[in-house]
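Survey of secondary and tertiary structure
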Amino acid sequence: VHLRDLPAGTYNVFLDAKTAGGGGAYQLDAYFSNPGPTGDRCGDPILLTAAGATGNNCAFEHDYTPGCEFGSSGFGSEVVYYLVVTAGATITIDTCASQATCPTPACVDTAVYIRSVCSGAGTQVVCNDDGCGFNPPGPNGPMQSTVTTALTPGVYYVFMDSYPGIYACGDYVLTVTGLP
């Protein structure tokens with residue numbers, strides 16, 4: 001459930017079982033974010049489907065840092081997505097198609113990572129910076145990223161992050177394969 005633009009105040013959250021005997025272990029993740037564009041923070045991520053996504057990260061802030069940093073990778077602005085995995089699968093998410101805009105001003109140097117808890121850096125599942133290689137190369141070498149990992153059913157958070165500097169923001173293409 002995503003509730004957006006709520007007025008200031010106190011709110012109660014209830015977690016209830018479907019049936020009287022349906023008790024057991026539950027996990028509830030709640031994120032509260034300052035207003036901003038959808039996808040700017042964990043409190044308002046964008047749904048990522050098998051269709052992938054396109055976008056521009058120039059209006060977004062730097063709030064999170066990947067665990068696969070190379071130099072300052074991931075210290076630029078990022079866009080937060082969430083992915084619902086309904087059956088175990090090996091998923092690949094990449095920004096390789098974004099290289100077509102490089103080295104124009106619309107180019108963004110990406111890092112991609114997945115977490116099982118959005119704001120929990122220690123829950124990072126996989127991370128990559130510049131794994132797409134030189135097809136074609138960017139002005140500073142490879143600039144696009146790819147991750148592949150086996151995921152069990154659940155909700156995961158996908159970050160399309162960037163390297164600060166001249167290629168910190170721009171247009172990107174996020175491709176998803178293997179999602180059931």
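Anyway, here's the lowdown on the structure attached to this text. Computed from a predicted structure; not experimentally measured.

1. Things to note about the sheet that holds strand β6 (residues 124–129)
- One open sheet holds the five strands; their spatial order is β1-β3-β8-β5-β6, and the pairing between them is mixed. In this open sheet, the two edge strands, each paired with only one partner strand, are β1 (46–47) and β6.
- Strand direction decides the pairing type here: strand β5 (residues 110–115) and strand β8 (residues 154–162), joined by six bridges, are antiparallel. Bridge assignment links T110 to a residue of β8, and that residue is S162.

2. Description of the packing of aromatic side chains
- Applying the stated criterion across every chain, the model contains two aromatic pairs.
- Between the aromatic rings of Y64 and F159, the centroid separation amounts to 5.4 Å while the plane-to-plane angle is 65°, which identifies the pairing as edge-to-face. Within this pair, whereas Y64 is found in the loop between β2 (53–56) and β3 (79–85), its partner F159 is found in strand β8, the two being separated by 95 residues in sequence.
- Among the residues examined, Y64 registers a relative accessible area of 13% and is labelled buried.
- Residue F159 is classed as buried on the basis of its relative accessible area, which comes to 0%.
- Taking 4.6 Å as the distance between ring centres and 5° as the angle between the ring planes, the aromatic pair formed by Y113 and F159 counts as stacked. Residue Y113 is found in strand β5, and its partner F159 is found in strand β8; the two are separated by 46 residues along the sequence.

3. Some points on unusual backbone geometry
- For D130, which is not glycine, the phi dihedral falls at a positive 70°.
- Along the chain, D130 falls in the loop between β6 and β7 (146–151).

4. A closer look at the nonpolar core
- With 23 residues, the main nonpolar core has L48, Y81, L83, I91, I93, V158 and L174 as its most contacted residues.
- In terms of residue count, the dominant contributor to this core is β3 (four residues).
- C42, C68, V80 and C127 belong to the second-largest nonpolar core, a separate cluster that totals ten residues.

5. Looking at the sheet that holds β2
- Taken in spatial order, the four strands make up an open sheet running β2-β9-β4-β7, and their pairing is antiparallel. Looking along the sheet, the strands with just one partner apiece sit at the ends: β2 and β7. Strand after strand, the sheet turns through a mean of 15° between neighbouring axes, direction not considered.
- Bridge analysis of strand β4 (residues 89–94) against β7 gives six bridges, and the strand direction is antiparallel. If you follow T92 over to β7, its bridge partner there is T148.

6. Remarks on the pattern of salt bridges
- Counting across every chain of the model gives two salt bridges.
- Taking the shortest distance from any N to any O, the salt bridge between D40 and R41 comes out at 3.0 Å. Comparing D40 with R41 shows no difference in burial state: the two are buried.
- Notably, a salt bridge pairs R41 with D63, separated by 3.7 Å at the nearest N-O pair. Of this pair, R41 sits in the segment before β1 while D63 sits in the loop between β2 and β3, and the two are 22 residues apart along the sequence.
- Classification of D63 by relative accessible area gives partly exposed; the value is 32%.
- Counted as one network, the salt bridges with shared partners bring together D40, R41 and D63.

The rules behind these values
Residues numbered from 1 in each chain as written. Predicted model: local features only at pLDDT ≥ 70, side-chain atom pairs only at ≥ 80, totals over all residues. Heavy atoms only, no water. Pairing = 2+ DSSP bridges. Helix = DSSP H or I, 4+ residues; strand = E, 2+ residues; numbered from the N terminus. Phe/Tyr/Trp six-rings, centres within 6.5 Å; stacked < 30°, edge-to-face > 60°. Buried < 20%, exposed > 50% of the residue type's maximum accessible area, 1.4 Å probe, protein only. Core = buried A, V, L, I, M, F, W, Y, C linked by side-chain atoms within 4.5 Å. Axes fitted to C-alpha atoms, helices over the stretch in contact; angles between N-to-C directions. Salt bridge = Lys/Arg side-chain N within 4 Å of Asp/Glu carboxyl O.

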